[in-house]
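Understanding the architecture of this molecule
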Amino acid sequence: MIRQYFAWLRKGLYASATASLILLFVVACGGQNATPSSTQNQQPIKIGFSVSLAGDFSADGKALLMGYQLWQEAVNKHGGLLGRQVKLVYYNDSSDPQQVTTNYQKLIGSDHVDLLLGPFSTLLTVQAAPVAQRYGYALIEGAGTGKKVFNSGFTTLFGASPPSEVYLGAFAQYILSLPAGQRPKTVAYATVDNPFAIPQVEYVKKFFSNGGLKTAFDLPQPYPEEATDVSAIAKQIIHSGADIVVLGTVGVTDSVSFIKTFKEQHYNPKALVATSGPDEGKSFTDAVGVATAEGIMTPQAGWYPGINTYQNSQFVKDYIAKFGGTDQDINSGTVQGYSAAQVLEQAVNTIHSIDNAKLIQELHTGSFNSLQGPVKFDAKGENTEGVLILFQWENGKLTPVYPASEAKASPEYPKNQWPA
């Protein structure tokens, strides 16, 4: 930036005789290019993304936005990115895949954003990725971690969170580690029609089948994503009498419907795990009650409030200062958004540039840190370094219980009876 400025200055000194003519020409053209490059480089860096503020993903979309906003405030408080303030430019996609495509086209074509971050969910990320790739933009995201994202041939997409297909691996390993006399014998499965949830359930089915567990119930077809009442499916699970239940859910609504039906019918499996919903902090406990949440499990990608990861203690402080509540209220979507932005910040600082071609190269070769732990991308954009942890609601807190290296409490197994 300084070198460009002095080159401009020397040109002005050596060509003073023509400066007036140049100035007249610039003014005649409207003055759009009259600002020296040094001043241009002080303009904010614009980072664009689409976010679900309405529709099926609105709760998680709002949480994701909170993560991006917390990161923006932290970066700007410390001088910005490359010495420039960060400006977030975003549009509501209302959880609509087609609107996601439109939003990213607008961000690139009309707003001319410098950098991109991802939307919420696998379903919407696979709509954003081809737009980013078409225009040569890196797309760094933390909430689109389904198999479909990474198997679609995108070369400019990078998922800061571990791929979700293996999230339930920690649950399967824990169940199969139980002594033979305690180990459950039967399992029930149900999943929503969503590319985030389906691969997780399929993955754990193979684990349990190989481990000798019998399938007591397996929903023949995934239920529709727009379903808000899954009580009929819950009753089929209850009728199966399965020892443990695996739910492929994508938010609070469907997971809460299952749990409320189980409780009403006095069906208390020895273990109950849901891919999404129980991870949403206060949104979940407000819906089911803290006492009802007790013992429910959910997998997460290497984060909990007290974990000793990159910038986590400051992140938690900033969250509480801005949004109130406690560290237990933090939604995983907020963590995922902040983590993606952390990776973006580190990559930009390493290359000292916001050039997307250089950024893509750095993301393919570099190593990074985040709230969720280490980040290293393979050729498909998957984070191969992330740690997977099984969480359980215990005494009003979502607590890591497996593996032992990360556990802050022992798992409650069998799960306690539902409260009266």
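Quick note: structure is the one above.
Residues numbered from 1 in each chain as written. Predicted model: local features only at pLDDT ≥ 70, side-chain atom pairs only at ≥ 80, totals over all residues. Heavy atoms only, no water.

Now for the pairing of strand β9 (residues 271-274). Across the two faces of β9 the burial is the same, with Ala-271 and Val-273 and Leu-272 and Ala-274 all buried. Bridging between strand β8 (residues 244-248) and β9 involves four bridges; their strand directions are parallel. Pairing of Ile-244 across the sheet is with Ala-271, part of β9. Taken together, β8, helix α11 (residues 252-264) and β9 constitute a β-α-β crossover, and its handedness is right-handed. (Buried < 20%, exposed > 50% of the residue type's maximum accessible area, 1.4 Å probe, protein only. Helix = DSSP H or I, 4+ residues; strand = E, 2+ residues; numbered from the N terminus. Pairing = 2+ DSSP bridges. Right-handed = clockwise from strand over helix to strand, strands pointing away.)

Turning to the sheet that holds strand β2 (residues 86-92), a few remarks are in order. Strand order in this open sheet of five strands is β2-β1-β3-β4-β5, and the pairing throughout is parallel. Since the sheet does not close on itself, it has two edges, and those belong to β2 and β5 (157-159), each with one partner. In this sheet, adjacent strand axes meet at a mean angle of 25° when their direction is disregarded. In terms of strand pairing, strand β4 (residues 139-141) meets β5 through three bridges, oriented parallel. (Axes fitted to C-alpha atoms, helices over the stretch in contact; angles between N-to-C directions.)

So, on to the packing of helix α8 (residues 169-177) against helix α9 (residues 197-210). Two elements in contact, α8 and α9, have axes separated by 9 Å at closest approach and are oriented at 15°. Viewed along their axes, α8 and α9 adopt a mutual orientation that is roughly parallel. Between α8 and α9 lies a crossing whose hand is right-handed. In contact with Gly-169, Phe-171, Ala-172, Gln-173, Ile-175 and Leu-176 of α8, α9 contributes Tyr-203, Val-204, Phe-207 and Phe-208. Its residues assigned to classes, the contact of α8 with α9 shows eight nonpolar, two polar and no charged. (Parallel < 35°, antiparallel > 145°, perpendicular 65-115°, else oblique. Left-handed = near helix turned anticlockwise from the far one by under 90°. Contact = heavy atoms within 4.5 Å. Nonpolar A, V, L, I, M, F, W, Y, C, P; charged D, E, K, R; others polar.)

In this structure the tally under the stated criterion is 18 aromatic pairs. Geometrically, the ring pair formed by Tyr-174 and Tyr-413 is edge-to-face, given 6.4 Å between the ring centres and 80° between the ring planes. Highlighted residues: Tyr-174 in helix α8 and Tyr-413 in the segment after β14 (397-402), separated in sequence by 239 residues. On the basis of relative accessibility, which here comes to 14%, the residue Tyr-413 falls in the buried class. Aromatic ring contacts, followed pair by pair, group Tyr-223, Phe-258, Phe-262 and Tyr-267 into a single cluster. (Phe/Tyr/Trp six-rings, centres within 6.5 Å; stacked < 30°, edge-to-face > 60°.)

Turning next to α9. Between its terminal C-alpha atoms α9 stretches 21 Å, which fits the 20 Å expected from 14 residues at 1.5 Å a residue. Listed in full, the buried residues belonging to α9 are Ala-197, Pro-199, Gln-200, Val-201, Val-204, Lys-205 and Phe-208. Looking at the buried side of α9, the elements it contacts are α7 (147-150), α8, β6 (186-191), β7 (214-218), β8 and β10 (297-300). Looking one or two places after α9, you find Gly-212, whose phi comes out positive at around 95°. (Expected span 1.5 Å × (residues − 1).)

Relative to the helices and strands, Glu-362 resides in helix α16 (residues 356-365). The side chain of Glu-362 sits in the buried core without any salt bridge; Lys-376 is the nearest counter-charge, 8.1 Å away. In this view, Glu-362 contacts Ala-347, Thr-350, Ile-351 and Phe-368; residues no more than four positions away in its chain are not counted. (Lys, Arg positive; Asp, Glu negative; His and termini not counted. Salt bridge = Lys/Arg side-chain N within 4 Å of Asp/Glu carboxyl O.)

What follows covers the environment of Lys-185. By the element assignment, Lys-185 lies in the loop between α8 and β6. Lys-185 gets classed as exposed once you look at its relative accessible area, which sits at 59%. Linking Lys-185 and Asn-210, residues 25 residues apart in sequence, is a C-alpha distance of 13 Å. Apart from residues no more than four positions distant in its own chain, Lys-185 is found in contact with Leu-213, Lys-214 and Asp-243.

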